[in-house]
Amino acid sequence: MTTQATRTFGSFAPAMVTPFTEDGALDVESAVRLARKLVDDGCDAILLSGTTGESPTTHQPEKNELTAAVVEAVGREVFVFCGAGSNDTAHAVRIAQGAQEHGAHGLLVVTPYYNRPSQEGVQAHVRAIADAVDLPIMLYDIPGRTGLALSDETIDLLAHHPRIHALKDATGNVAQGGERLRRTGLEWYSGDDALNLDFLEAGGSGSVSVVGHVAAPYYRRMTDAFDRGDLEEARDIVRQVQPLVDAIMGGGQGAVMAKWAVYLQGTIASPTVRLPLVAPHDEEIDRLSTAMKALGLL
């Protein structure tokens, strides 16, 4: 039996896509149906309005409507948290407050992107958001997208804030993550599906997943196997799922491919994405379909 980490944000959370109608409007009915399916498949948390949820191209009234609908549908069963990301601190604060007002249980706060502030600026940005709400916060370190990594000093300082509980790590550096979690006491979540088990073995709490849109039953079994100390089963599940990870994350855009995956399953009505995202090529869809069929997911 492994020693289970603290899990404020659950053990397995899909970063849920935001469904749109064919003409690009928010499709709340499909969103609720998808959230319900994810819970039924074993997810114990759901992230809304993250990057995979096309947060850069959804507006705050849409984010609020999505939050309210999903919390109403599944919020009594699972932890629902929302992205509050912007490179404009005032805007990020408004997003965070809107999420809280519409029932969110927690927030995900990414480092400001493009304008590349100093580490002191990052600290001030995060504190401004954390001080404006009463919700637990998960930091998000994904320098490959933001161009700005969290430093050890920044993580150490922010870990003292009473509302900052966790960090989603998409740096690809498991050893660094393990050291940081041991030093700070923060809950640590994998932000890379290929490394979900590696982070658990390093002391992490769980994962925030893209592939979990369709592989949730497998990841639920993997996490449960790890928790009871059956590493052989957990590793076998990782091997089974790897072709699907490659199909969703290996070549195409994760948000696009995840949306197509749940569309192929019939869970959402349309795979429409908003520009600048575009539909995948036929060969990418074929590869995805093949990987899903091999796992009995289609």
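Before reading further, recall that the structure is shown in the block above.
Residues numbered from 1 in each chain as written. Predicted model: local features only at pLDDT ≥ 70, side-chain atom pairs only at ≥ 80, totals over all residues. Heavy atoms only, no water.

## Quick notes on empty space enclosed by the protein
In step 1: The full count for this structure, using the stated rule, is two cavities of 30 Å³ or more.
In step 2: Of the pockets and cavities examined, the largest cavity occupies roughly 50 Å³.
In step 3: Lining the largest cavity are Asp-193, Ala-194, Tyr-219, Met-222, Ile-237, Val-238, Val-241, Gln-242 and Val-245.
In step 4: Counting only elements with at least two residues in the lining of the largest cavity, the list comes to helix H9 (212–227) and helix H10 (231–249).
In step 5: When residues in the lining of the largest cavity are grouped by element, the largest group, five residues, is from H10.
In step 6: Considered class by class, the residues forming the lining of the largest cavity number seven nonpolar, one polar and one charged.
In step 7: Of the pockets and cavities examined, the second largest cavity occupies roughly 30 Å³.
In step 8: Lining the second largest cavity, in full, are Ser-49, Lys-63, Asn-64, Thr-67, Cys-82, Gly-83, Ile-95 and Ala-99.
In step 9: At three residues, helix H2 (residues 60–74) tops the list of elements feeding residues into the lining of the second largest cavity. (1 Å grid on protein atoms, 1.4 Å probe; cavity = no way out; pocket = protein on both sides within 12 Å on 5 of 7 lines; lining within 4 Å. Points joined across faces, edges and corners; volume = space filled by probe spheres on them. Helix = DSSP H or I, 4+ residues; strand = E, 2+ residues; numbered from the N terminus. Nonpolar A, V, L, I, M, F, W, Y, C, P; charged D, E, K, R; others polar.)

## A look at the environment of Glu-72
In step 1: Counting through the fold element by element, Glu-72 comes out in helix H2.
In step 2: Judged by relative accessible area, Glu-72 falls into the exposed class, the value being 53%.
In step 3: Separated by 147 residues in the primary sequence, Glu-72 and Tyr-219 have C-alpha atoms spaced 25 Å apart. (Buried < 20%, exposed > 50% of the residue type's maximum accessible area, 1.4 Å probe, protein only.)

## A closer look at the packing of aromatic side chains
In step 1: Applying the stated criterion across every chain yields a total of six aromatic pairs.
In step 2: When the ring of Trp-260 is compared with that of Tyr-263, the centres are 5.3 Å apart and the planes differ by 85 degrees; the resulting orientation is edge-to-face. Of this pair, Trp-260 and Tyr-263 are both found in helix H11 (residues 254–264), three residues apart, which corresponds to roughly one turn of the helix.
In step 3: Exposure remark for Trp-260: the relative accessible area of 15% places this residue in the buried category. (Phe/Tyr/Trp six-rings, centres within 6.5 Å; stacked < 30°, edge-to-face > 60°.)

## Observations regarding the side chain of Glu-187
In step 1: By the element assignment, Glu-187 lies in strand S7 (residues 187–190).
In step 2: Arg-7 is the oppositely charged side chain nearest to the buried, salt-bridge-free Glu-187, at an N-O distance of 7.7 Å. (Lys, Arg positive; Asp, Glu negative; His and termini not counted. Salt bridge = Lys/Arg side-chain N within 4 Å of Asp/Glu carboxyl O.)

## Description of H9
The α-helix winds at 3.6 residues per turn, so residues separated by three or four positions along the chain end up facing the same way.
In step 1: Compared with the 22 Å implied by 1.5 Å per residue over 16 residues, the 18 Å span of H9 between its first and last C-alpha is markedly short.
In step 2: In the structure, H9 departs most strongly from a straight axis at Tyr-218, where the bend amounts to approximately 45 degrees.
In step 3: With 13 of its 16 residues buried, H9 lies for the most part within the structure.
In step 4: Immediately beyond the C-terminal end of H9, within one or two residues, lies Gly-229, with a positive phi of roughly 85 degrees. (Expected span 1.5 Å × (residues − 1). Bend = angle between axes of the 7 residues up to and from the residue.)

## Some details on the nonpolar core
In step 1: Membership of the largest hydrophobic core comes to 81 residues, with the highest contact counts inside it found for Met-16, Ile-46, Leu-107, Leu-244 and Leu-288.
In step 2: Of the residues forming this core, the biggest block, eight residues, is contributed by H9.
In step 3: In contact with Leu-107, not counting residues within four places along its chain, are Phe-9, Phe-81, Cys-82, Ala-84, Ala-96, Ala-99, Ile-129, Val-133, Leu-135, Pro-136, Ile-137 and Met-138.
In step 4: Counting residues in hydrophobic clusters, the runner-up holds 16 residues, among them Ala-15, Ala-45, Leu-108 and Ala-170. (Core = buried A, V, L, I, M, F, W, Y, C linked by side-chain atoms within 4.5 Å. Contact = heavy atoms within 4.5 Å.)

## So, the pattern of salt bridges
In step 1: Summed over all chains, the structure comprises 18 salt bridges.
In step 2: A salt bridge links Arg-36 to Asp-40; the nearest nitrogen and oxygen atoms lie 3.1 Å apart. One end of the pair is Arg-36 and the other is Asp-40, both in helix H1 (residues 28–40) and four residues apart, which spans about a single turn.
In step 3: The exposure class assigned to Arg-36 is partly exposed, which follows from its relative accessible area of 27%.
In step 4: The class of Asp-40 is exposed, set by a relative accessible area of 56%.
In step 5: A network of salt bridges, in which partner residues are shared, links Asp-141, Asp-152, Asp-156, Arg-180 and Arg-183.

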